[in-house]
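Close look at the chain arrangement
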Amino acid sequence: MQLFIEAIKDLTFGEDVGRLFHGRGGCYQGAEHLCLDWFAPVILLTSFKPLTDDELSVITEALEQRWCELKGDTPINLVFQYRAGGETHTDILKGEVPDKHVVTENGAQFQVHLLKGQNHGLFLDMSNGRQWVRDNSAGKKILNLFAYTCGFSVAALQGKAAEVVNIDMSKGSLSIGKQNHLLNGFGSGARFLGHDIFKSWGKLTKLGPYDLIIADPPSNQKGSFVATKDYARLLKRLPSLLAADGDILLCLNAPELTIDFLKGQVAEYSPSLTLEQQLQNPKVFNDVDPNKALKVLRYKQQNDSVA
């Protein structure tokens, strides 16, 4: 764990939310189970293996020392989450977490919740994806599938999108998504559909076609989406919803599935789509095996593919 302690000595805490240390990428021997995230004003320490009291004490002391060097007498806020399979334990080790916890990213505000479950309201490894959407949304009609808390939608409206249709079967997540829009001054321009995507093709077709479709599904969530069987179902439908010369962002965050899996699914079930680029992940999420990291591919619909 020494490499982790050494890395703490170089930490900085900026204004924006972000990952500080990514042990899961395998680039730090002995610290593969550890991650640090900055959800200002809170540091989140996550471990995927049990930590002894001594280990936790050493980490806490190192974080407090670095915090004091940078922030002086400002109290540190530190949350620890232990994850093992479906088991999650979360504790406040130091300080407190704001009742209404709002973080910023590239000029946008998002509500997060560190003390509830494993998903905190904003996926940090997707920040480059949100930036790409922000840069490529002007005047476009956008479909945001598996919208979760609608980070892509906020980014799209920041980028002057004409309209965004958000759909997710979790009405609770969409409710937070609506709040995120209001936090950023977007009282209009977005729809929120709390439906099962696979039962809503008629509705989505009527609201289309779309200049950009974003598909960022869970990789293995029973009752919602299992990539190995449901990506095929999705890809059979998506091209018919896309405008001529439109773009699709396809996302896959499953360490057990390679990028070739996703490319193969597209080639088999959406042959009208052409691969344009792979979006790079933030540098802090470097992985010794890129296939285990988040994969984001941009495909384009060919003009002659749409009747």
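Each remark here, short or long, concerns the structure printed above.
Quick look at the structure, then. (Residues numbered from 1 in each chain as written. Predicted model: local features only at pLDDT ≥ 70, side-chain atom pairs only at ≥ 80, totals over all residues. Heavy atoms only, no water.)

**Quick notes on the environment of G159**
- Considering the arrangement of structural elements, one finds G159 in the loop between α4 (151-158) and β9 (163-167).
- Along the backbone, G159 and A138 are 21 residues apart, and their C-alpha atoms lie at a distance of 5.5 Å.
- Other than its neighbours up to four places away in sequence, G159 contacts R134, S137 and A138. (Helix = DSSP H or I, 4+ residues; strand = E, 2+ residues; numbered from the N terminus. Contact = heavy atoms within 4.5 Å.)

**What to know about helix α7 (residues 227-241)**
- Across its 15 residues, α7 extends 20 Å between first and last C-alpha, which sits within 8% of the 21 Å expected from 1.5 Å per residue.
- Taking the largest bend as the criterion, α7 deviates by roughly 25°, centred on L235, and proline P239 comes between one and four positions later.
- For α7, the set of buried residues is A227, D230, Y231, A232, L234, L235, L238, P239 and L241. (Expected span 1.5 Å × (residues − 1). Bend = angle between axes of the 7 residues up to and from the residue. Buried < 20%, exposed > 50% of the residue type's maximum accessible area, 1.4 Å probe, protein only.)

**Details of the pairing of strand β4 (residues 78-84)**
- Of all seven residues in β4, six are buried, a share of seventy percent or more.
- Strand direction decides the pairing type here: strand β3 (residues 42-47) and β4, joined by five bridges, are parallel. Opposite L44, over in β4, you have V79 as the bridge partner.
- Regarding the hand of the β-α-β motif, the stretch spanning β3, helix α2 (residues 53-71) and β4 is right-handed.
- Following β4, the chain reverses through two residues before pairing antiparallel with strand β5 (residues 87-94); G85 in that reversal takes a positive phi of roughly 60°. (Pairing = 2+ DSSP bridges. Right-handed = clockwise from strand over helix to strand, strands pointing away.)

**Focus: the packing of helix α3 (residues 127-135) against α4**
- It is at 7 Å that the axes of α3 and α4 come closest, and there the two elements cross at 35°. Between α3 and α4 lies a crossing whose hand is right-handed. Side by side, α3 and α4 meet where G129, R130, V133 and R134 of the first sit next to G151, F152, A155, A156 and Q158 of the second.
- The residue inventory of the contact of α3 with α4, partitioned by class, reads four nonpolar, three polar and two charged. (Axes fitted to C-alpha atoms, helices over the stretch in contact; angles between N-to-C directions. Left-handed = near helix turned anticlockwise from the far one by under 90°. Nonpolar A, V, L, I, M, F, W, Y, C, P; charged D, E, K, R; others polar.)

**Quick word on the layout of surface pockets**
- As a volume, the second largest pocket reaches approximately 210 Å³.
- Taken together, 15 residues line the second largest pocket, and the ones lying closest to its centre are Q278, Q280, N281, P290 and A293.
- Here the residues of the lining of the second largest pocket are counted per class, giving seven nonpolar, five polar and three charged. (1 Å grid on protein atoms, 1.4 Å probe; cavity = no way out; pocket = protein on both sides within 12 Å on 5 of 7 lines; lining within 4 Å. Points joined across faces, edges and corners; volume = space filled by probe spheres on them.)

**Re the sheet that holds strand β8 (residues 141-145)**
- If you walk across this open sheet you meet the seven strands as β10-β9-β8-β11-β14-β16-β15, and the pairing is mixed. On the outer flanks of this sheet lie β10 (190-193) and β15 (273-279), each paired with one strand and no other. The mean inter-strand angle of the sheet, taken between neighbouring strand axes irrespective of direction, is 15°.
- Two elements, strand β14 (residues 242-252) and strand β16 (residues 295-301), share six bridges in a ladder whose sense is antiparallel.

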